[in-house]
Amino acid sequence: MALRQRLDLLRWELRQVKQLIGAHRSRHSSFDARAATWDTPEKVQRAVWVGDEIRQFAWFRAAPEAMGRCLDFGCGTGLLSFELQKHCRHVTGLDESSGMVEVMQEKICAAGLGSKMMATKSPLATLGDFDLIVSLLCIHHVRDCQAQLGELARHLSRGGRVVIVDFEATENARLFHKKSEAKGDHYEHDGCLGM
Ligand SMILES: C[S@@+](CC[C@H](N)C(=O)[O-])C[C@H]1O[C@@H](n2cnc3c(N)ncnc32)[C@H](O)[C@@H]1O
């Protein structure tokens, strides 16, 4: 085979491999593989701490039993959702990882909370409006944060609240992430935090 033909063949094979990798990535998040072992004492403690911080807000203290519909965006296995469920009429955990959603749904069933909690991968556009939207350590995974926050804001009911707990561009965030994940002041990666 002529050199040119071999090169064309190699290029074609490379394109096939890239397409396969792309398809695999779009269907599977690296969080899928981590879902079953996600709940460590440290992460549970972190969710308790964040829940306690949310409970300190004056607007929360004014109506601790009446938070209405809550969305936990990037819920993972639902650690924060479970922390907040007793204060809310209903909590929806939304995550793009099937593995995380499955684990959260199993936990909901095991706790007998199927009537007031659900875990889903469904598009936000199909989920309606929320009185409280929380997000713990998810937004730094999102490529276009501004667009994402805009979308979340459109799903907030009148007088609703959004609480985002995430990294700022601090030294700590820089230590926590690989240099290759930096996009200006922002970090992008898909799992592998080693938390
Ligand atoms: C670091 S984990 C945090 C999980 C959970 N909030 C916790 O504190 O245990 C980030 C989660 O965000 C999810 N995620 C990342 N990008 C997302 C997106 N665009 N929409 C929904 N979930 C996303 C990941 O699948 C992952 O479960």
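Each residue is numbered by its place in its chain's sequence as written, counting from 1. Since the coordinates come from a predicted model, pLDDT governs what is reported: local features require at least 70, and pairs of side-chain atoms require 80 or more to be given and counted, while whole-chain, interface and lining totals use all residues.

- Going by what an unreviewed UniProt entry lists, the chain is known as Methyltransferase type 11 domain-containing protein and is assigned to Symbiodinium pilosum.

Details of the sheet that holds strand β3 (residues 117-120)
In step 1: When DSSP finds two or more bridges between two strands, those strands count as paired. We count a stretch as a helix when DSSP gives it H or I for four or more residues in a row; a strand needs E for two or more, and each element gets its number in order from the N terminus. Strand order in the open sheet formed by five strands is β3-β2-β1-β4-β5, and the pairing between neighbours is parallel. Where the open sheet ends on each side, the last strands, each with one partner, are β3 and β5 (156-165). Put simply, the sheet's adjacent strands are angled 15° from each other on average, direction ignored.
In step 2: One ladder, built from five bridges, connects strand β1 (residues 69-73) with strand β2 (residues 90-94); its direction is parallel. Fitted lines through C-alpha atoms give the axes, limited to the stretch in contact for helices. The angle between two N-to-C directions lies from 0 to 180 degrees.

Here's the deal with the pairing of β2
In step 1: Taken across its five residues, β2 has four buried, putting it largely inside the fold.
In step 2: Classification remark: right-handed applies to a crossover when, strands pointing away from the viewer, the course from the first strand over the helix to the second runs clockwise. With helix α5 (residues 79-84) bridging β1 and its parallel neighbour β2, the resulting β-α-β unit is right-handed.
In step 3: Across four bridges, β2 lies against β3 in parallel orientation. Bridge pairing links T92 to M118 in β3.
In step 4: What joins β2 to β3 is helix α6 (residues 98-110), and the crossover it makes is right-handed. Around each residue's C-beta, the other C-beta atoms within 10 Å are counted; 20 or more make the residue buried, 12 or fewer make it exposed, and counts in between make it partly exposed. All C-beta atoms are placed from the backbone.

Points about helix α3 (residues 41-56)
In step 1: Taking 1.5 Å of rise per residue, 16 residues should cover 22 Å, and α3 covers 23 Å from first to last C-alpha, within 8% of that figure.
In step 2: Looking at α3, one finds that the buried residues are A47, G51 and I54. Down the axis, α3 shows its buried residues gathered within 60° of arc, on one side only. Every exposed residue of α3 that faces more than 90 degrees away from the buried side is listed here: P41, E42, Q45, W49, D52, E53 and Q56. By this rule the span expected of a helix is its residue count minus one, scaled by 1.5 Å. Here the arc refers to the set of directions running from the helix axis out to each C-beta atom.

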